[in-house]
Structures are given as C-alpha cells and as structure tokens.
Amino acid sequence: MRSPIRAACRGRSAPPHRTRAGTAGRAAAPPPAGSASRSAQPGRAARWHRVGPQPTNRQQSGRTRPVSTETRPVPELAAEVVERWRAEEAELVDLLARTQRGVGGVAAFRLGPAPTVLVTDPAAVQHVLGHHPDRYVKRSHRARMLVGDGVLSATGDPWKRQRRVLQAQFTGTGMRRYERRIAEAARRTAERWEGYRRNGEAFDVGEEMRGFALDTVWRALTGLPLDDRTDRELRSVERVVAAMPTLPTNAADARDAVAEDLARIDAVAHAAIDAARSAGPTEEPGVLRVLLDAGEQDPGYTDRLIRDELVTLLVAGHETTATTLTWLFLLLDRHPEARRADPQALVSETLRLYPSAWLLPRHAVEDDVIAGHRIAAGTDVLVCPYLTHRNPALWPDPERFDPARFAHGADRPGQLGAYFPFGLGARACLGTRFALRETTALLELLLPMGPLTFRSRPTGAAYSITVRPDGPTPAVLG
Ligand code: HEM
C-alpha cells in the first residue's frame, strides 16, 4: 500500500516565491510546565512521565497556581480544507502550509484513517529531533532500497557504530584532509567557467553545481577526481532518487522498478571498493580506505555495508549541496546587491529559504506528549524546516532574501529549532562542515567572475526528496 504522504508528495512544481507556505505560520506555545507523556511498555499499564519544565517545590506545595498536567489531542485541520486541497490537486507543501497556518506549530491533518502530525514550532522541533530521537525514529522504507543499511537509514546500535566511524572523517583532522580535495574540485569548476566566459558559451548552472558536488564527494571518498564514465554511470543515483516518492512500498517491487539503475550503481561502488583495496594504505586516506580498515577490525563491515556507506554518502552529499548552490545563483540573479555579502552568509540565507532536505519524516514508536498534545505510538510525524524557516513569527519578512540576517552579530531567533537546515540532534547531518566548506570554497572562486545572465529561469520549485528548481537553468557569464 502506498503511504498517503508519499502519494501526496508528487514531486511536481510549485512557484517558490508565490507558495502560500511563505506566508504561513503561527508558532505553537511552548510546552506547559509539567506537561506529561505516556510511555508504552509492553505488559504494563501505560505510565505518564513528564516532559518540559518540572514544577518547582513552591508549585508542588500548592502555594502558587496549581500546574495542570492535562494533555489534549493534537488539534487537527478541518476535513473540508483537506478536501479542498485534494480537489485543487495542490502540492503536499501547500497542505502543510495550510495546516501550520490554520492550526499551529504542532498540528495534525488526515489523508487516510490515521492523523499525521506536522511539527514546525522550534521547541517541538527540538523535542522530536534533539531530545527524543529514540521516540521518533526514521523508517526510510524506500531509501533503504538504494542506501541499504548505510548510516542514513540504520537505527539502534549498528547506527551508533557506523556514525562513530564516519563522524571522525567529517570533523577535525578528518575534515582537514579534505581541504585540498575540495580546493581541487572548486578549481576544476572555476577553470571550466573561465572557458565558458572566454567562448561566450552558455551552460546549465544546475548541471555545473551537480558536477562540482559529485566531484567533491567522490574525491573525499576515493581520493580520485570524478572521471566522465563514473559521472555518467552515477546518473543512475539521481534517477533512483527521483523515482523514489512514486515507487511501491514493497521492497521487492520497488527494487524491480529500478533494477537496471541499481545494478549500475552497484557496479560503480564495487569497482571503487576493489580499486581502493588494491591501492593499499595511502598517506591521505579517503573515506573508502577508512571503511576498508574498519572492516579489518570489525567483521560487521562487509563489502555490502561498505557499498551501502559509499552510496549513502553519494546520495546524501551531492544533490543537497548542488541544489543549494543552484538556488543561491538564482537568488543572486534577483538580488544582485547581495553579491557583496559574505559567502557563508549567502549559503546560510539560501538554506533558510530552501533547506534542501525540506521535510524530515519520523515515526513515533511510543506514546508521548509534545507541547501538551498527546502523540500516540505509531503516529507519522513530519518535521518541516522549510515552514519553520518561513514563519514570520520567527523570521521577520520571511520571504525576503537577506543574507544580512546571518552577518556577524545580526539579530536572529536564538532557539535551536528555529533554523535547522542540517537537522538537529543525534541524527543531524554528518556532512555539515564538509558542505559549508565546499560551498564557500567554490563561491570564493566563482563570485569574483561577475554576475550570471540566465537565458531562462525555472518557474518554481519541485518538492520531492529535496526542494529544487523545477526546470533548467541555462546562463552565460557576464
Ligand atoms: C547543503 C548541503 C546539505 C544539507 C542541507 C544536508 C541536510 C541534511 C539533513 C537535514 C539531515 C538530517 C536528516 C534527518 O534528520 O532526517 C542530513 C543527514 C545526513 N547528511 Fe546531510 N546535508 C547536506 C550535505 C551533506 C554532505 C556533503 C554529506 C556527506 C558528504 C552529508 C551526509 C549526511 C549523512 C550521512 C546524513 C545522515 C546522518 C545520520 O542519520 O546519522 N550531507 N543532512
């Protein structure tokens, strides 16, 4: 059976600046003091336990106003609004925006018999992603077909072990090893752009950013620049990701539907593993070498798992970066004055308006309470950075592209859950530093080349696994 959410996430286009999502949003109140949650424990009566601020002794002694421990159901979007949305055949993002605007920062809507809960209020975001990743888990049904048991879809102890091995690669000394590789990939793209400028040649910005992001992550994984053949073969990754929202949930059927592309991806991954194995130890090991070494200590790191990690990092680490950079150039086209901003602020503000992972799905595995609202075990919960980042209660004039929001010392919402393009908590993005480094390294070379002139512009955004421009982006330099 197809999930109602996935079925609704059609991946069609919608105008990014005209979407009603942009005007959405009143934030829900923070959790009331002493709100309670119930933990479902097999074989025992359900036990309510408190989340949020605990009552003080004074409150418990009754000398101040008694603290209510009452909880209530999550308020729900009226069925007529859902019906109207269905009749309009609008995007999922539009339904989510109506839910947030009409109901609040913790709000439910129904596409099937069970409610789905949308979470956009910062404190509630922090509750779900930051404080209770064990209560709200990833299920990644379809992603598993592509990324297998890689760190993106793994859960429990295997995830902890895998995350520990990879984390060291993307922080501190691990990151320093990739500086040179990032710089080389950026230089390669800049040289190509110089060539386009000399010849007055048009090129597609989205394609260029895709090539750069893939080259960068490939160098980090293998130590080698991306060659044309591998680049062609890895188109299969994008085809599978694009097909994902519409694939059957049954793993075998889904696999059949994209079998050829999966075989191509496997061939590239296993060739890279074999090459790294026969090259032996190197002075500046790539991630693949580190995973092969881990395999020598830990039999859990089979070639299959190493393949899964490799594909995971390719999937998680290239379209996200590529779409961010593409949006950034489109936004600069409309706001040329922003070209003077610091590249890091440009990236942060682009990620506010277009957080590439715009929707983070979770599944409640036990009963809980968020901001005084009861969440039953088994509920699907959608955390939506896209809507939080466009909430006018948090971000004044939220539709306006204004990198000054991220200038040093600028006044920004202080809560963690008000801005989280890289997620939050234990399952936050592993490649945050890598992504910020590669985007700024590229911009430092490309921005001084002068503005782009787009020959045509996308009409809006496609909201699928990522939020990306819904059409080609042909441009010339100058
Ligand atoms: C602008 C670029 C990027 C954005 C906006 C982004 C965003 C995110 C977000 C929001 C998550 C959390 C998903 C969730 O909670 O469901 C995530 C997870 C992840 N990201 Fe990124 N990402 C970016 C680049 C990268 C890069 C470059 C890499 C690796 C080279 C990477 C690797 C990962 C991995 C492995 C995870 C899963 C972590 C886990 O579950 O433990 N990402 N990313």
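Residues numbered from 1 in each chain as written. Predicted model: local features only at pLDDT ≥ 70, side-chain atom pairs only at ≥ 80, totals over all residues. Heavy atoms only, no water.

**Student:** Honestly, the pairing of strand β16 (residues 474-477) in this entry has me stumped. Any pointers?
**Tutor:** Within a regular strand, side chains alternate between the sheet's two faces. Bridge count for strand β8 (residues 203-204) against β16 is two bridges, and the pairing is antiparallel. Following the sheet pairing, D204 is matched in β16 by P474. The pairing of strand β13 (residues 452-454) with β16 spans three bridges and is antiparallel. Opposite T453, over in β16, you have V476 as the bridge partner. (Pairing = 2+ DSSP bridges. Helix = DSSP H or I, 4+ residues; strand = E, 2+ residues; numbered from the N terminus.)

**Student:** I would appreciate a short explanation of the sheet that holds β8 in the present structure.
**Tutor:** Hydrogen bonding along the main chain pairs the strands of a sheet, whether they run parallel or antiparallel. The strand order across the open sheet built from three strands is β8-β16-β13, with neighbouring strands paired in antiparallel fashion. Edge positions in the sheet fall to β8 and β13, since each has one partner strand and no second.

**Student:** Whenever I open this one, the nonpolar core confuses me. Can you help?
**Tutor:** Where a protein is soluble and globular, its nonpolar side chains tend to be buried together. Counting 58 residues, the largest nonpolar core has L96, W193, M209, F329, W358 and L452 as the members making the most contacts within it. Per element, the largest residue contribution to this core is eight residues, and it comes from helix α15 (residues 303-334). Counting 49 residues, the second largest nonpolar core, distinct from the first, contains L214, L234, V268 and I306. (Core = buried A, V, L, I, M, F, W, Y, C linked by side-chain atoms within 4.5 Å. Buried < 20%, exposed > 50% of the residue type's maximum accessible area, 1.4 Å probe, protein only.)

**Student:** I would appreciate a short explanation of the packing of helix α13 (residues 259-279) against α15 in the present structure.
**Tutor:** The axes of two packed helices give the description: the angle between them and the distance between them. Taken N-terminus to C-terminus, the directions of α13 and α15 make an angle of 110°; their axes are 10 Å apart at the nearest point. Judged by the angle between their axes, α13 and α15 are roughly perpendicular. In this structure, α13 crosses over α15, and the sense of that crossing is right-handed. In this structure, α13 uses I265, D266, A269, H270, A272, I273 and R277 to contact α15, whose residues at the interface are D303, R304, I306, R307, L310 and V311. When grouped by side-chain class, the residues that make up the contact of α13 with α15 number seven nonpolar, one polar and five charged. (Axes fitted to C-alpha atoms, helices over the stretch in contact; angles between N-to-C directions. Parallel < 35°, antiparallel > 145°, perpendicular 65-115°, else oblique. Left-handed = near helix turned anticlockwise from the far one by under 90°. Contact = heavy atoms within 4.5 Å. Nonpolar A, V, L, I, M, F, W, Y, C, P; charged D, E, K, R; others polar.)

**Student:** Explain the UniProt feature "binding site: heme" (unreviewed entry) in the chain to me, please; I cannot follow it from the model alone.
**Tutor:** Following the UniProt record, one finds the feature "binding site: heme" (unreviewed entry) at C429. Along the polypeptide, C429 turns up in the loop between α17 (385-388) and α18 (432-446). Since its relative accessible area comes to 35%, C429 is described here as partly exposed. When sequence neighbours within four positions are dropped, the list of residues in contact with C429 reads R163 and F422. (UniProt positions renumbered as here; feature names shortened; annotations may be inferred.)

**Student:** Just to check I follow, could you spell out the site of the ligand for this structure?
**Tutor:** Near the ligand, the surroundings consist of 28 residues, among which W159, R163, R362, R427 and C429 are the closest. One of the side-chain nitrogen or oxygen atoms of R163 is found 2.7 Å away from an oxygen atom of the ligand. One nitrogen or oxygen atom from the side chain of R362 is found 2.7 Å from an oxygen atom belonging to the ligand. Looking at the shell around the ligand, the elements with two or more residues in it are α7 (156-167), α15, β9 (360-364) and α18. A breakdown of the residues in the shell around the ligand according to their chemical character gives 16 nonpolar, seven polar and five charged. (Near = heavy atom within 4 Å. Polar contact = N/O pair within 3.5 Å; in protein donor to acceptor, adjacent residues only side chain to side chain.)

**Student:** I'm lost on the sheet that holds strand β6 (residues 115-119) in this one. Help?
**Tutor:** Within the open sheet, the five strands sit side by side as β5-β6-β12-β9-β7. Their pairing is mixed. Only two strands of the sheet have a single partner each, and these edge strands are β5 (106-110) and β7 (136-137). Bridge count between β7 and β9: two bridges; the pairing is antiparallel. Looking at β9, one finds that Y136 is bridged to A364.

**Student:** What is the right way to read helix α14 (residues 287-297) from this model?
**Tutor:** Since the α-helix packs 3.6 residues into each turn, any two residues three or four apart lie on the same face. Those residues of α14 that fall on the buried side of the exposure criterion are V287, L288, R289, V290, L291, L292 and A294. If you follow the buried residues of α14, they end up packed against α7, α8 (172-199), α9 (205-222), α13 and α15.

**Student:** Got a minute to help me understand the pattern of salt bridges in this structure?
**Tutor:** Considering all chains together, one arrives at 37 salt bridges under this definition. R235 is paired through a salt bridge with E207; the nearest N and O atoms lie 2.8 Å apart. With R235 in helix α11 (residues 235-243) and E207 in helix α9, this pair connects stretches of sequence that are 28 residues apart. R235 sits in the partly exposed class, given a relative accessible area of 27%. Given the relative accessible area of 39%, E207 is considered partly exposed. With a closest N to O distance of 2.9 Å, D308 and R307 form a salt bridge. Take D308 and R307: they sit in the same class, and that class is buried. The structure contains a network of salt bridges with shared partners spanning R180, E184, R188, D215, R219 and E284. (Salt bridge = Lys/Arg side-chain N within 4 Å of Asp/Glu carboxyl O.)

**Student:** Any chance you could explain the environment of G450 here in plain terms?
**Tutor:** Note on placement: G450 falls in the loop between α18 and β13. Considering only alpha carbons, one finds G450 and L477, 27 residues apart in sequence, at a separation of 7.0 Å. Beyond its immediate chain neighbours, meaning those up to four positions away, G450 contacts R339 and L477.

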